[in-house]
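Okay, here's what each chain looks like letter by letter:
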Amino acid sequence: MVDVSAIRPGMIVEAAYGKAKTLGEGAAASDGDQGPSFGDMIRKAAEGAVGSVRYGDAAAQAGLAEKIGMQQVVEATMAMESTVRVSVALRDKLVSAYKDVLNMSI
């Protein structure tokens with residue numbers, strides 16, 4: 001069923017905001033380097049969000065099977081909820097920016 005060894009407590013910390021440091025490292029690149037593209041940063045953030053949601057789901061299943069404690073299930077669920085909220089807010093901002101660009105006069 002659920003591989004409990006794949007559940008890492010440190011993943012909770014990285015859930016919604018922990019990846020920001022690694023995403024920003026490319027922005028501080030030297031003068032000659034371009035660094036990661038915007039698409040790469042979005043891809044990495046999306047991969048982190050998907051990982052957080054999968055971790056929360058696995059923790060919930062392991063909690064139902066009584067393989068992990070209730071505290072871990074609650075922490076994973078809260079991290080998953082935070083990730084979903086950030087993702088929805090980001091989507092709303094992107095849609096709003098897209099609408100603003102469409103409404104610009106040429």
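Here, every reference points to the structure presented above.
Below is a short write-up of the structure. The structure displayed is predicted, hence computed values, not measured ones.

### Examining helix α4 (residues 70–102)
Step number 1: Taking 1.5 Å per residue, 33 residues should reach 48 Å; α4 reaches 48 Å between its end C-alpha atoms and fits that length.
Step number 2: Where α4 is concerned, the buried positions are V73, A76, A79 and T83.

### As for a nonpolar patch on the surface
Step number 1: Together, F38, I42, L90 and L94 give the surface a local cluster of nonpolar side chains, amounting to about 390 Å² of exposed area.
Step number 2: Secondary structure elements with two or more residues in the nonpolar patch: α3 (38–64) and α4.

### With respect to the pattern of salt bridges
Step number 1: As enumerated under the stated definition, the model contains four salt bridges in all.
Step number 2: The partner of E47 in a salt bridge is R43, and the shortest N-O contact between them spans 3.2 Å. Within this pair, E47 and its partner R43 are both found in helix α3, separated by four residues, close to a single helical turn.
Step number 3: The exposure class assigned to E47 is partly exposed, which follows from its relative accessible area of 47%.
Step number 4: Between R85 and E81 there is a salt bridge whose closest N-O contact spans 2.8 Å. Pair noted here: R85 and E81 are both in helix α4, with a separation of four residues, about one helical turn.

### Re the nonpolar core
The tendency in soluble globular proteins is for nonpolar side chains to be buried side by side.
Step number 1: By size, the foremost hydrophobic cluster in this structure holds six residues: Y55, A59, A62, I68, V73 and A76.
Step number 2: Broken down by secondary-structure element, the contributors of at least two residues to this core are α3 and α4.
Step number 3: Here the element with the most residues in this core is α3; it accounts for three residues.
Step number 4: If we skip the residues at most four places from it in the chain, V73 touches A59, A60, G63 and I68.

### Re α3
Because an α-helix completes one turn every 3.6 residues, residues spaced three or four positions apart along the sequence face the same direction.
Step number 1: The end-to-end C-alpha distance of α3 is 39 Å, a good match for the 39 Å that 27 residues give at a rise of 1.5 Å each.
Step number 2: Along α3, the residues classified as buried are G48, A49, G51, S52, Y55, G56, A59 and A62.
Step number 3: Backbone geometry just after α3 places E66 at a positive phi near 60°.

### Considerations on the side chain of S52
Step number 1: By the element assignment, S52 lies in helix α3.
Step number 2: Polar contacts involving the side chain of S52 include one to the side chain of T83, which spans 3.0 Å.

### Focus on the environment of S52
Step number 1: Exposure remark for S52: the relative accessible area of 3% places this residue in the buried category.
Step number 2: Through-space distance from the C-alpha of S52 to that of E81 is 9.4 Å; in sequence the pair is 29 residues apart.

### Regarding unusual backbone geometry
Step number 1: We note that E66 has phi near 60°; this positive angle belongs to a residue other than glycine.
Step number 2: You can see E66 is positioned in the loop between α3 and α4.
Step number 3: Given a relative accessible area of 72%, E66 falls into the exposed group.

The rules behind the values
- Residues numbered from 1 in each chain as written.
- Predicted model: local features only at pLDDT ≥ 70, side-chain atom pairs only at ≥ 80, totals over all residues.
- Heavy atoms only, no water.
- Helix = DSSP H or I, 4+ residues; strand = E, 2+ residues; numbered from the N terminus.
- Expected span 1.5 Å × (residues − 1).
- Buried < 20%, exposed > 50% of the residue type's maximum accessible area, 1.4 Å probe, protein only.
- Patch = residues over 30% accessible without salt bridge, like charges linked within 9 Å, V, L, I, M, F, W, Y side chains within 5 Å.
- Areas by Shrake-Rupley, 256 points an atom, 1.4 Å probe, with all protein chains shown as cover.
- Salt bridge = Lys/Arg side-chain N within 4 Å of Asp/Glu carboxyl O.
- Core = buried A, V, L, I, M, F, W, Y, C linked by side-chain atoms within 4.5 Å.
- Contact = heavy atoms within 4.5 Å.
- Polar contact = N/O pair within 3.5 Å; in protein donor to acceptor, adjacent residues only side chain to side chain.

These values are about where atoms sit, not about what they do.
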